[in-house]
Amino acid sequence: MTLAPENGTPRPSGFEGGSDSPEKLLVPVLSAFWDEEKSWTLDVYRRHEGYEGLRKALAMSPDDLIAYVKDSGLRGRGGAGFPTGMKWQFIPQGDGKPHYLVVNADESEPGTCKDIPLLFANPHSLIEGIVIACYAIRSSHAFIYLRGEVVPVLRRLHSAVREAYAAGYLGKNILGSGLDLELTVHAGAGAYICGEETALLDSLEGRRGQPRLRPPFPAVAGLYACPTVVNNVESIASVPAILNRGKEWFRSMGSEKSPGFTLYSLSGHVASPGQYEAPLGITLRQLLDMSGGMRPGHRLKFWTPGGSSTPMFTEEHLDVPLDYEGVGAAGSMLGTKALQCFDETTCVVRAVTRWTEFYAHESCGKCTPCREGTYWLVQLLRDIEAGKGAMADLDKLADIADNINGKSFCALGDGAASPIFSSLKYFRAEYEEHITGRGCPFDPATSTAWADKPAEVNA
Amino acid sequence: MTTSSSERGVGLGMPQLPAPDYPDDVRARLEADAREIIGRYPDSRSALLPMLHLVQSEEGHVTRTGMRFCADMLELTTAEVAAVATFYTMYRRRPSGDYQVGVCTNTLCAVMGGDAIFAALQEHLGVGNDETTPDGKVTLEHIECNAACDFAPVVMVNWEFFDNQTPESAKRLVDDLRAGRRVDPTRGAPLCTFKETARMLAGFPDERDGAVDATGGAGPASLVGLRLAKGDTAAARVVHPRDGGPQDEPRDAAPHEPSPAEHLSSHDAPQETSASDPDHPSPASESDGPVDEEGQ
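Residues numbered from 1 in each chain as written. Chains lettered and ligands numbered in written order. Predicted model: local features only at pLDDT ≥ 70, side-chain atom pairs only at ≥ 80, totals over all residues. Heavy atoms only, no water.

The name recorded for chain B in an unreviewed UniProt entry is NADH-quinone oxidoreductase subunit NuoE, from Streptomyces macrolidinus. Looking at the Cofactor (unreviewed entry) heading of the UniProt record, one finds this comment for chain B: "[2Fe-2S] cluster". The UniProt entry for chain B carries the following comment under Sequence similarities (unreviewed entry): "Belongs to the complex I 24 kDa subunit family." (UniProt positions renumbered as here; feature names shortened; annotations may be inferred.)

As annotated in an unreviewed UniProt entry, chain A carries the name NADH-quinone oxidoreductase subunit F and is attributed to Streptomyces macrolidinus. Entered under Function (unreviewed entry) in the UniProt record, the comment concerning chain A runs "NDH-1 shuttles electrons from NADH, via FMN and iron-sulfur (Fe-S) centers, to quinones in the respiratory chain." Looking at chain A in UniProt, the text filed under Sequence similarities (unreviewed entry) is "Belongs to the complex I 51 kDa subunit family."

Caption draft 1: Representation of the overall build of chain B within the structure. When you go through chain B residue by residue, the secondary structure sums to eight helices and five strands. In chain B, the succession of helices and strands from N to C terminus is α-α-α-α-β-α-β-β-β-β-α-α-α. Classification of the 296 residues of chain B by burial places 54% in the buried group. The contacts in chain B between residues at least 6 apart in sequence include a share of 63% that link residues at least 24 apart. Carbon and sulfur atoms make up 49% of the accessible area of chain B, which amounts to about 13,100 Å² in all. (Helix = DSSP H or I, 4+ residues; strand = E, 2+ residues; numbered from the N terminus. Buried < 20%, exposed > 50% of the residue type's maximum accessible area, 1.4 Å probe, protein only. Contact = heavy atoms within 4.5 Å. Areas by Shrake-Rupley, 256 points an atom, 1.4 Å probe, with all protein chains shown as cover.)

Caption draft 2: Structural context of the pairing of strand S2 (residues 141-146) of chain A. Residues and elements named next belong to chain A. Burial within S2 is extensive, with six of its six residues counted as buried. In this structure, strand S1 (residues 100-105) lies alongside S2, joined through six bridges in parallel fashion. From the neighbouring strand, leucine 101 faces S2, where its bridge partner is alanine 142. Crossover S2 to strand S3 (residues 182-187) through helix H8 (residues 151-166) is right-handed. (Pairing = 2+ DSSP bridges. Right-handed = clockwise from strand over helix to strand, strands pointing away.)

Caption draft 3: Structural context of unusual backbone geometry. In this structure, the amide linkage connecting A:Arg214 to the following residue, A:Pro215, adopts the cis form with an omega of -5°. Residue placement: A:Pro215 occurs in the loop between helix H9 (197-204) and strand S4 (228-232). Residues A:Pro215 and A:Pro216 are joined by a peptide bond in cis, for which omega reads 5°. Within the secondary structure, A:Pro216 sits in the loop between H9 and S4. One non-glycine residue, B:Asp130, lies in the positive phi region at around 60°. Given a relative accessible area of 30%, B:Asp130 falls into the partly exposed group.

Caption draft 4: Molecular detail of the nonpolar core. Core analysis: the largest hydrophobic core is formed by 178 residues, its most contacted members being A:Trp88, A:Leu101, A:Ile130, A:Leu397, B:Met51, B:Leu52 and B:Tyr88. Among the elements that line this core, the one with the most residues is helix H7 (residues 123-137) of chain A, at 10 residues. Formed by 27 residues, the second largest nonpolar core is a distinct cluster that contains A:Leu26, A:Leu284, A:Met294 and B:Leu228. (Core = buried A, V, L, I, M, F, W, Y, C linked by side-chain atoms within 4.5 Å.)

Caption draft 5: Representation of the sheet that holds strand S8 (residues 313-314) of chain A. Residue and element names in this part refer to chain A. The mixed open sheet is built from five strands, whose spatial order is S6-S5-S9-S7-S8. At either margin of the open sheet sits one strand with a lone partner, and together these are strand S6 (274-279) and S8. In the sheet, strand S7 (residues 300-304) pairs with S8 via two bridges, with the strands oriented antiparallel. By the bridge assignment for S8, tryptophan 303 is matched with phenylalanine 313.

Caption draft 6: Structural view of the domain arrangement of chain B. Residues and elements named next belong to chain B. Taken domain by domain, chain B comprises domain 1 (16-85) and domain 2 (99-201). Taken residue by residue, the interface counts eight residues in domain 1 and five residues in domain 2. Where domain 1 abuts domain 2, roughly 590 Å² becomes buried across the two surfaces, and 57% of that area is made up of carbon and sulfur atoms. Here domain 1 is connected to domain 2 by one salt bridge. The salt bridge partner of aspartate 33 is arginine 199, with a shortest N-O separation of 2.9 Å. (Domains from an automatic or database assignment. Buried area = accessible area lost by both parts, 1.4 Å probe. Salt bridge = Lys/Arg side-chain N within 4 Å of Asp/Glu carboxyl O.)

Caption draft 7: The state of the cysteines, seen in detail. Residue and element names in this part refer to chain A. Inspection of every chain in the model, using the stated rule, returns zero disulfides over all chains. Free of any disulfide, cysteine 341 has its nearest cysteine sulfur in cysteine 113, 11 Å distant. Judged by its relative accessible area of 0%, cysteine 341 falls in the buried class. Take cysteine 367: it sits in no disulfide, and the sulfur closest to it among the cysteines is that of cysteine 364, at 6.2 Å. Residue class for cysteine 367 comes out buried when judged on its relative accessible area of 14%. (Disulfide = S-S within 2.5 Å.)

Written as C-alpha cells, this is what we have:
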C-alpha cells in the first residue's frame, strides 16, 4: 500500500534553501568517490586531494592544529560525541612519556555499519587522519584496532598501510617534516566489549577485554599507562577534509553544537538500505523520503537512532533532527547513526529479546550488575516471548534494567537497559499481549527480506 | 580444553601434564613468525592476540600446545594465556571445519531472515550450532552483528561477506563449499581455508594475486546515498506512509512457534515472579538513556 506524498506538510529543515532533493540534502565527503574503480588505492585517493590535508596540518604547529580541530567542532562519531580536538588537548605535553593514538575500528554495535564500508572503500582517509592526529598529539606510534571478523577490510588496510609507508606518509621523517610514525594494524578476536575504549586498551595489551575504572582516563594513563587518544574511525577519517577544506566549510554544515557531515546507515525494512552521508541534523523522514521510504506496503513501527544501545524511537520521532542535541532532547542518543528501521510485521518483544541475548553474551563479566542482570533479563524475556510470562514480569524487567543502568564500569550495561526501558515505554501493550495471549502474535515469516516476493525464493 | 583424568586411567585428580611441544621444524617456523609479531609492539604482551591467531593458523584451533608456545614466547604462564584465549569468540577450542559458516542472528539480520537461513542450514547440513559436518568441511555457527546491516541478511564464511542471503542461496553456498567448488564472496577475496584466514588475522598480509582488489569497491548498498547525491533517482519512489497505512494486518497471523533455530531453554528461568519493590519503582519512562562509549 503506497500512499501519496503529502506535499503540504511543513517540515523542519536546517538547510539553506529548504530543498528536499537528495542533491541538496546529502554531502558525500568520505564517500565521495567510493564508486570509482580502485577507490581504496593511494592513486585514487591522491586524485581526490588525498594527503593535502596532511600537508596543511604539517605547516601548522601541533598546538595550533589541535586548536583548529577543536574550533571545527568535530565531535566523536563512535557514539558518545565527545569533541575530538578536546580529546587531543587532554594529552599532557612535555611529560617525557610516549603518547599513543589508538583508532577504534571495532565496529560491533548492533546496527552499526559505517566504518567497515568506509575502510573497505577508502582506507587512506583514515591513515591520513592518523598521521595528522599523531603530529598534533606528538605520538610516534599509532594502532588501528580492527575487529577480527572483517577480513576483507583487514586485507585493504594492510595494503593501504603498505602503500602509505612506500610513499613516505608513514615511517621516518614524513614529508620532510621530521615526524616519525609507525602504524600497526591489530586484528581483534571477537568481543563486542572491546569497542569500549578502556576494554580495547586492555585487549591491545594482550589481556581479556575488560573495561577499566576511570579515572585515570586514557588521556593520562591509557595504553601501557601512557597518555593515549582513542578515537573512532570516522572521527579520525573526517579530519583530513576539515584541514583541506577549512573549518568554516565544516561548520557551514549541521548546527552550532553539532557541525559537519556524517555517515548515516539506513537498514532494515526500508526500500533502499545503505550509507547516506549528510550534514548532521537531517531527519529520518528526509532520508526515507529521498530513498523510497519503507518497503512497499509497510509502515515504520520502531527504529534506533544509533544502534541497539540507544533507546528506540517510533513513527512519532520521524522529524527529530539527527544530531547530538536533537536526538538527546527526544530521549535517545545519536550513537553511531545506525538507523535500524523495523516495520509493523516485527515483534518488538522478539527484537528486544535478541538484543538482550546479545548483551548477555557480550557482557565481559567484570561488573556484577551487568553480568547477572543481563542473564536474568534474558530468562524473563524468553519466557514472555514464548507466552510463559506473567504480568509482574514486566515490572521486574524494568526493575532489573534499572539495577544495571549506570551501575557498572562501562556503558554496555546501560546499552542493555536502553531497549528494555524504551520498548516498555512505547510498546508495553505488546508485551502484555504476549502474556495474556500466551504467545507471540506475530509471524516471523512476514518480516523477512523475501516475504513480499515469494516467487523469487523457494525456501 | 582438558583431558579428563579418567581418560588417562588415573582417577586421582592429578594435575594435567604440560602440553607437548610442536615438532622442531614447526616450532622454528612459528618462532620466526612470532618474533615478527612481537616486533610490532612496544610491549611484547600485546602480541598475544595475533599470536593466538597464529597458532590457530597452524592447527585450526587453539590447542594446549599452541597456548604453551605463546606463553613461552611472551614469558607468560599458560594460565594467563588460557584466560585470554577463552575470552574471545574467534579462538576455537576444538577442531572444526575448513569453512566456518556464520549466520548473523542478531536482531536485524534475524528479523530480515537470518533465523530462517540458520534453521535451513541446520536442517540441510544436519548439524547444530557450532557443529561440523562429518566431512570436516563446514562448521555452522550463529554469529553476532558483523557491521553489514545494510546488506541483511548476512552470512560470513571464514569472515568474508556473503550479503543479502536467502535460505536457498545459503544452501547452495554450503553445497559448493562441501563439493570443493570455487566460492566467491560478495565482498572479499576468493575463499581460502580457515587456517589461511587465521594467518591474515595474525597480521600477515594476503599475498595472493588480486586478493586485495577482489570484488571491487564498495558494495551496492554502500553507494545508494552517493548515487542519490549525484542525481540518480531512487529505484522506487515510494513516499513513506504516515497515516492510514496497514497497521495490524499480521496480528491475526498464527502464533509464533519457536523453531529449533531459536534460542530455547528457559528451563532455568523463574516461572512466576514477584512484583518489584513498590517503594523503589523503576524509572522506565524517565530514563535519560545511557552515555554510549566511543565505538560501542
